[in-house]
Structure formats: C-alpha cells, structure tokens
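Fold and geometry: a report
What follows is each chain in one-letter form.
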Amino acid sequence: MDSEGENYSVQLNSATDGDIRQTASYSAVQQTLFLIHSDDVTLKVQAAKEIRRLTKTSQRYRRHFSNAVKPLVDMLRYDSFESNEAALLALLNLAVKDEGNKINTIEAGALEPIIGFLQSENATLQDHATASLLTLSASPATKPIISASGVFPLLVEIVRHGSSQAKADAVMALSNLSTFQDNLLLILQAQPIPSTVSLLKSCKKSSKTTERCTALIESLMCYEEGRNSLISEDGGVLAVVEVLESGSAQSREHAVGALLTMCQSDRSKYREPILREGVIPGLLELTVQGTAKSRTKAQTLLRLLRDTPYPRSELEPDTLENIVSNLISQIDCEEQSGKAKEMLAEMVQVSMEQSLRHLQQRALVCTPADLSVPSCVSKITLK
C-alpha cells in the first residue's frame, strides 16, 4: 500500500475509533439513565454512583445527565443512608459549573431534604449537604429561594460546631448568600461573627476560607450590630489585622476594607481599638504592595487613624509620609514602632524608585522645561 493509502487508512481508523467511543459513551449514558429511573433501589444507587463518577470532571456528562436530577432528588427522601449519600454526591457533581442543573435541582425540591441533612446527627450527610448548599448558592437564580428557606442559623451553627471541611463550606455559602439584597440583616440575626472569627483564627491566612471569612466580615461591618460584635469578640479586630498583614491579596483587600468601614462609620469609637492591634506596619506595606483598591483603602485608613483626619498646617502638607510619621510618634510599643519605621522607609524608597522611572519615561517624550520633580522624591529622616 502506498503512503497515500496508508494515510487514508489511519484517518479512517481514527474516525472509526472516535465513532466507537461516542457510541459507547452514549450507550453508557442511556443505560445509566434507565437505571436511575427504575424502581429497584439497589440499581438506582448504582446509577447514582456512576453519575457521580462520570460528572466529576466532565461538563459534557453534566449536560447529558440533566434528566437524572428529578429521580436523584427523590432519592434524598428515602430512609436509607446509602441512597441519600449517593444521590447527594451525584447532585453535587451535576451542579458544579452548571447553572441549569443548579436551578433544576432547586426546582425539583432538593432544598427541603438538604436542609434536613444540615440538622442530621450523621456527620457525613451533614458535610455533603453543606457542600451541596455551597454549590447551589453560587447561582444568582437560586439565592433568593435559598435565602427564604431560613437556612442562615443552620449554616452559622455548622461554622460553630461542624467538621473542618463543613465549617469552610458553610462560611463560603454564607459569603455567597451575603451578596443577595437584604440577606445581611438576616445573616446578622444568626450572630455569625463569633464563629467566623474563631474559624479565621484557625485557618491558614493564605487560604480561600480566610478570603471568604474576611469578605463576610467586611460586608457585615456596614451594620452597627456587626461592628459591635467584632469589637466585643476576644481577638476579633486582631484576627482581621493579621489577615491584613499576611493574607492573600484578595483577603488583605477585604481586611483593610472591613477596618476602613468601621473607622468611617465612627472614627472616635473604632480608631483606638484598631490602632491597639498594631495595624500600622500592615497598612504601610499595603500602600506599596497591595492591589489598587487595597492601596487606596490603606491610605484612607491611615489618614483616619492619625490624631486628626485633616491637614494640621500648610507647613506640614497632607502627604502619606507625614501622616505615617505622625502615627508612628503615637505608638507606645517599641517593637511595633521600629517595624513601622522600617516599613515607612521601604515605602518611601519604592515611591522614589517609581517616581524616577516615571521621570525617565517622561524624559523620552518631554522637553526639559516640561519636567518637574514630584514632592514624594524627598528624603525623610525617621527618629
């Protein structure tokens, strides 16, 4: 056979193999759908496990098995742990990154049994139910229905007493639901701050859980009840400050946002509790290394934390360096003061380098008369 014939044969075989795989895949889907709709509980459990396996990483299979949602939801009401677990896990995988399956799951009546499992003495079912609510709460279309179900006290209780994974999933679900209008007041009524702070203290500062905890806390700082709860919680403000210092970029943004909201709402009440936890070094670092939002919020908070939020005279301009120097002079702790001075020196150095780079760029397109040295390129002596 010539090379052209060989190429044709390879192409034909590849096409045939693809057709076979597609046919086998279609046959497996149809067989599994047949079993999940059967009356035999053992076969239904077997089908649910197969759906879970096939939909774990495949968006295509999630679409293929959309018709399995209703019988899976029916299995949640069976008086059988094996049936409940298999159905919960299959529904969980079906709903991941699939808006249609999320909506279908809620519309099929899954919310009632899932909420029931949140109160189960069986920790495994409670964990699976919490993970399911986390996934379902990611959809804008399902948030109003979940919010109306009275689930907030149950989620807060899981943040307080659930397993490690369930706590993380529950706080993430609360964070998801907090973005829906009017939910913050309902969440506040469940008193989530103590358990959220406790979780924040125990998890890694760079984790996704920390990000969601600080996002939830930031949202709740819009209300006096939330601010009072954080202040009255032992180590509450400190936990937020620690995230500001060593959390992920997004977590630090939420942390500085929470403290800024507090200070803006009542500077005289919250300035001292925030300063007392040694927030200045972390704020200084954010003004240099934070996200754009973090830098702006950190600079605004630094201004609010000084003796007076207004410039003191024309001789002492309202520059960030002067604001921070004023704050450093008020710090009693020598260790904190030394760290703050080091951070300020670094901040000034970075500011000078950035300004010089800007001048060099301008020099390429401007005449000498156009150039002016920005005020931030100046030497500051810290004492």
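Reading the values: rules and limits
Residues numbered from 1 in each chain as written. Predicted model: local features only at pLDDT ≥ 70, side-chain atom pairs only at ≥ 80, totals over all residues. Heavy atoms only, no water. Helix = DSSP H or I, 4+ residues; strand = E, 2+ residues; numbered from the N terminus. Contact = heavy atoms within 4.5 Å. Polar contact = N/O pair within 3.5 Å; in protein donor to acceptor, adjacent residues only side chain to side chain. pLDDT = per-residue confidence, 0-100. Disulfide = S-S within 2.5 Å. Axes fitted to C-alpha atoms, helices over the stretch in contact; angles between N-to-C directions. Parallel < 35°, antiparallel > 145°, perpendicular 65-115°, else oblique. Left-handed = near helix turned anticlockwise from the far one by under 90°. Nonpolar A, V, L, I, M, F, W, Y, C, P; charged D, E, K, R; others polar. Core = buried A, V, L, I, M, F, W, Y, C linked by side-chain atoms within 4.5 Å. Buried < 20%, exposed > 50% of the residue type's maximum accessible area, 1.4 Å probe, protein only. Phe/Tyr/Trp six-rings, centres within 6.5 Å; stacked < 30°, edge-to-face > 60°. Expected span 1.5 Å × (residues − 1). Salt bridge = Lys/Arg side-chain N within 4 Å of Asp/Glu carboxyl O.

Another aspect to go through is the environment of Asn183. Here Asn183 shows up in helix α12 (residues 183-189). Distance in space between the C-alpha atoms of Asn183 and Phe152 is 9.2 Å, their sequence separation being 31 residues. Ignoring sequence-local partners within four residues, the contact set of Asn183 consists of Ser147, Phe152, Leu177 and Ser178. At a separation of 2.7 Å, a polar atom in the side chain of Asn183 contacts the main-chain carbonyl oxygen of Leu177.

In this section: the confidence of the model for the chain. Put simply, the chain has an average pLDDT of 83, and 74% of its residues get 70 or more. Segment residues 1-20: pLDDT under 50, and one contact once partners within four positions in sequence are set aside and those in other chains are kept. Contacts for the low-pLDDT stretch residues 311-317, under 50 throughout, to residues beyond four places or in other chains number five contacts.

Joining two cysteines, a disulfide is a covalent bond between their sulfur atoms. All told, the structure shown has zero disulfides when counted by the stated rule. Considering cysteine sulfurs only, Cys203 is the nearest to Cys213, which forms no disulfide, with 5.2 Å between them.

The next subject is the packing of helix α19 (residues 280-289) against helix α20 (residues 292-305). Viewed as axis vectors pointing N to C, α19 and α20 meet at an angle of 140 degrees, and their least axial separation amounts to 8 Å. By the angle class used here, α19 and α20 are oblique. The handedness of the crossing between α19 and α20 is left-handed. Between α19 and α20, the residues in contact are Ile280, Leu283, Leu286, Thr287 and Val288 and Ser294, Arg295, Ala298, Gln299, Leu301, Leu302 and Leu305, respectively. Its residues assigned to classes, the contact of α19 with α20 comprises eight nonpolar, three polar and one charged.

For the rest of this paragraph, the subject is the nonpolar core. Ranked by internal contacts, the top residues of the largest apolar core, which has 91 residues, are Leu72 and Leu259. The residues contacting Leu72, other than those within four sequence positions of it, are Ile36, Ala48, Ile51, Ala87, Ala90, Leu91 and Leu94.

This part takes up unusual backbone geometry. Most of the time, phi is negative for any residue but glycine, and the peptide bond is trans. We note that Lys97 has phi near 55 degrees; this positive angle belongs to a residue other than glycine. Counting through the fold element by element, Lys97 comes out in the loop between α5 (81-95) and α6 (99-107). A relative accessible area of 72% places Lys97 in the exposed class. Look at Gln191: it is not a glycine, yet its phi comes out positive at around 55 degrees.

With that settled, the discussion passes to the packing of aromatic side chains. For the structure shown, the criterion picks out one aromatic pair. Between Tyr61 and Phe65, the ring centres sit 6.1 Å apart and the planes meet at 25 degrees, which makes this aromatic pair stacked. This pair shows no difference in class: Tyr61 is buried, exactly as Phe65 is.

Further remarks concern helix α17 (residues 249-265). Helical periodicity: at 3.6 residues per turn, an α-helix aligns residues three or four positions apart in one direction. Helix length check: α17 (17 residues) gives 24 Å between terminal C-alpha atoms against 24 Å at 1.5 Å per residue, within 8%. Burial runs high along α17: 12 of the 17 residues are buried. Taken residue by residue, α17 has Ser251, Arg252, Glu253, His254, Ala255, Val256, Gly257, Ala258, Leu259, Leu260, Met262 and Cys263 as its buried positions. Next to the buried residues of α17 lie α14 (208-220), α15 (224-232), α16 (236-246), α18 (267-276), α19 and α20.

Attention now goes to the environment of Ser120. Among the secondary structure elements, Ser120 is positioned in the loop between α7 (111-118) and α8 (123-136). Looking at Ser120, its side chain comes within polar contact range of the main-chain nitrogen of Asn122, at 2.9 Å.

This part takes up the side chain of Asn93. Mapping Asn93 onto the fold places it in helix α5. For Asn93, the side chain forms a polar contact with the main-chain oxygen of Arg52, separated by 2.9 Å. Once residues within four sequence positions are removed from consideration, Asn93 is found in contact with Arg52, Thr55, Lys56 and Arg62.

Another point: the pattern of salt bridges. All chains considered together, the criterion is met by eight salt bridges. Put simply, Lys49 and Glu82 hold a salt bridge, and the shortest N to O gap is 3.5 Å. One end of the pair, Lys49, is in helix α2 (residues 41-55); the other, Glu82, is in helix α5, and 33 residues separate them in sequence. Among the ionic pairs, Arg53 bridges to Glu50, the shortest N-O distance being 2.6 Å. Here Glu50 and Arg53 lie together in helix α2, a separation of three residues that amounts to about one turn. A relative accessible area of 24% places Glu50 in the partly exposed class.

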